[in-house]
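One letter stands for each residue in the lines below.
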Amino acid sequence: MKLPVSWQIKRLEKLVQFSSGGTPSKAKPEYWQGDIPWISAATMHQQEIVTSELHISEDGLKAGSKLAKENDLLLLVRGSMLWKKVPICICKRDVAFNQDVKALSINGKITPTYLLYWFLAHQRFLLNKVVGTGIGAGKFDLDELKALDIPLPPLPEQKAIADLLSTWDEAIEKTERLIQAKEKGFKRLLNDLIHQGRSNHTWKGYNLSDLCSLVSRKNGENNTNVLTSSAQNGLVSQLEYYNKSVSAENVTGYYLLNKGEFAYNRSSAKGYPYGATKRLDRYEKGVLSTLYLCFALKPNAPCESDFLLHLFESGAANRELRAVCQEGARSHGLLNITKSDFFGIKLFLPAQDQQKKIQSALNTAQEEIDLLKQLANKYKTQKRGLMQKMLTGEWRVKPEIVNQYMEA
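Predicted model, so just to flag it, every value in this text is computed and none were measured.

The rules behind the values
Residues numbered from 1 in each chain as written. Predicted model: local features only at pLDDT ≥ 70, side-chain atom pairs only at ≥ 80, totals over all residues. Heavy atoms only, no water. Helix = DSSP H or I, 4+ residues; strand = E, 2+ residues; numbered from the N terminus. Contact = heavy atoms within 4.5 Å. UniProt positions renumbered as here; feature names shortened; annotations may be inferred. Buried < 20%, exposed > 50% of the residue type's maximum accessible area, 1.4 Å probe, protein only. Pairing = 2+ DSSP bridges. Phe/Tyr/Trp six-rings, centres within 6.5 Å; stacked < 30°, edge-to-face > 60°. Axes fitted to C-alpha atoms, helices over the stretch in contact; angles between N-to-C directions. Parallel < 35°, antiparallel > 145°, perpendicular 65-115°, else oblique. Left-handed = near helix turned anticlockwise from the far one by under 90°. Nonpolar A, V, L, I, M, F, W, Y, C, P; charged D, E, K, R; others polar.

## What to know about the environment of Ala301
- Inspection of the secondary structure puts Ala301 in the loop between β23 (293-297) and α8 (305-313).
- Between the C-alpha atoms of Ala301 and Cys212, which are 89 residues apart in sequence, the distance is 7.6 Å.
- With sequence-adjacent residues up to four places away left out, Ala301 is seen in contact with Leu211 and Gln352.

Following this line, the structure appears as structure tokens:
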């Protein structure tokens, strides 16, 4: 695409200076007792870096790390995260960083925020440049990074573009903070309605086998919608979640699940120490590895489907699950729980009319969160579209607005 006349193309190495970080010895506690935030891939989940869970001292900095200055960019250049996204952040204060990260110190021809947005807008392009390290992680070739061509408008227009895009970031951040607050409120509601409700001793105990039947139908129709269990998204297509299928090529031996049926993942995960139970809601059908235990409510069972889903999500079954499962010594979180043990766990339920009231309250709260998530996703989509247009010069900021960024 032809750039506007006033724009130029510059190689990245002409706009920034790269520097490498490091890790002070972990054997010297005094290196890790300072007030300098130390940044690794684990910290690079936000666009702005302000602090870190780990801090080092001045001696630690001198003994093996490196300082990035305020307004420098930090780019992850090695790590497993690079297979999924390219973390890049702007430093809002001086920080230290490790050897998997490069600091990009800008010169006067580009603003850090404009360059940050350029990297964010070209995630897919950059992901195609990630190569393997031989030990499972991904990495960038530094020479390839230096050779990246950056379309460059004049500085006032860079600032105007960055400011415009930052308004979408503010809307996204505000919505995500609201989602977090609503999710905390939802957890409180789960606790009040399920954990506290059960404590009045009027709820009746049932074995899971009294309520549900095992689903073991095989994928004879060769359905290729392979599912994975996500804490945030429930049962979701691998293609949707990973952007690729990570299953075996032949999935006819997998379980075929219908909409409304449940699957228990026999693996511990964050927030689910004894495995997660999710329901298939997004698709009419999907297939799952036989490592899952799949089940469906029995006809006329004294249990509402939504209530059962909320009950598992609340962790109310954890005490029963903990009693029957043990983590495999060599299985990386896989839980040793048999079908009979799982279907033998006891669940406590109120009368069905009360279940309906509880699930209605929880569904309303969940729907509010889902709507906010849809809004946040809409903002993100708008921002991506805007970045593609603004950072290529296809759409321009009005001259009268750009003029406001001219230095006197």
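After presenting the structure, the write-up continues.
## A closer look at the UniProt feature "coiled-coil region" (unreviewed entry) in the protein
- UniProt records the feature "coiled-coil region" (unreviewed entry) for residues 355-389 in the present numbering.
- In residues 355-389, helix accounts for 100% and strand for 0%; the two terminal C-alpha atoms are 50 Å from one another.

## Topic: the pairing of strand β7 (residues 73-76)
- The two faces of β7 match: Leu73 and Leu75 on one face and Leu74 and Leu76 on the other face are all buried.
- As judged from the three bridges shared by β7 and strand β9 (residues 88-91), these two strands associate in the antiparallel manner. Residue pairing across strands places Leu75 opposite Ile88, the latter belonging to β9.
- Note: β7 against strand β11 (residues 101-106), four bridges, orientation antiparallel. Of the residues in β11, the one forming a bridge with Leu76 is Val101.

## Points about the UniProt feature "domain: Type I restriction modification DNA specificity" (unreviewed entry) in the protein
- In the numbering used here, UniProt assigns the "domain: Type I restriction modification DNA specificity" (unreviewed entry) feature to residues 4-178.
- Taken as a whole, residues 4-178 contains 28% helix and 27% strand, while its terminal C-alpha atoms sit 40 Å from one another.

## Re the packing of aromatic side chains
- Considering all chains together, one arrives at nine aromatic pairs under this definition.
- With a centroid separation of 5.3 Å and an interplanar angle of 5 degrees, the aromatic rings of Phe262 and Phe295 are classed as stacked. A residue pair is termed long-range when its members are at least 10 positions apart, and Phe262 in strand β20 (residues 262-265) and Phe295 in strand β23 qualify at 33 residues. Both residues of the pair, Phe262 and Phe295, count as buried.
- Relative to Phe312, the ring of Phe295 lies with its centre 6.2 Å away and its plane at 55 degrees, an arrangement referred to as tilted. With a gap of 17 residues between them, Phe295 in strand β23 and Phe312 in helix α8 connect regions that are remote in the sequence. Both residues of the pair, Phe295 and Phe312, belong to the buried class.

## Examining α8
- For α8, the full list of buried residues reads Phe307, Leu308, Leu309, His310, Leu311 and Phe312.
- Looking one or two residues past α8, Gly315 carries a phi angle of roughly 85 degrees, positive in sign.

## Focus: the packing of helix α2 (residues 112-121) against helix α5 (residues 155-198)
- The interhelical angle for the contact between α2 and α5, taken along N-to-C directions, is 60 degrees, at an axis separation of 9 Å. Regarding the angle of α2 to α5, the classification is oblique. Crossing of α2 over α5 shows left-handed handedness. Contact with α2, carried on its side by Thr113, Tyr114 and Tyr117, involves Gln158, Ile161, Ala162, Leu165, Ser166 and Asp169 of α5 and no other residues of that element.
- Partitioning the contact of α2 with α5 into residue classes produces five nonpolar, three polar and one charged.

## Some thoughts on the packing of α5 against helix α11 (residues 352-390)
- For the pair α5 and α11, interaxial distance at closest approach is 9 Å and the crossing angle is 165 degrees. The angle between α5 and α11 falls in the class roughly antiparallel. For the crossing formed where α5 meets α11, the hand is left-handed.
- Taken together, the residues of the contact of α5 with α11 break down into 25 nonpolar, three polar and eight charged.

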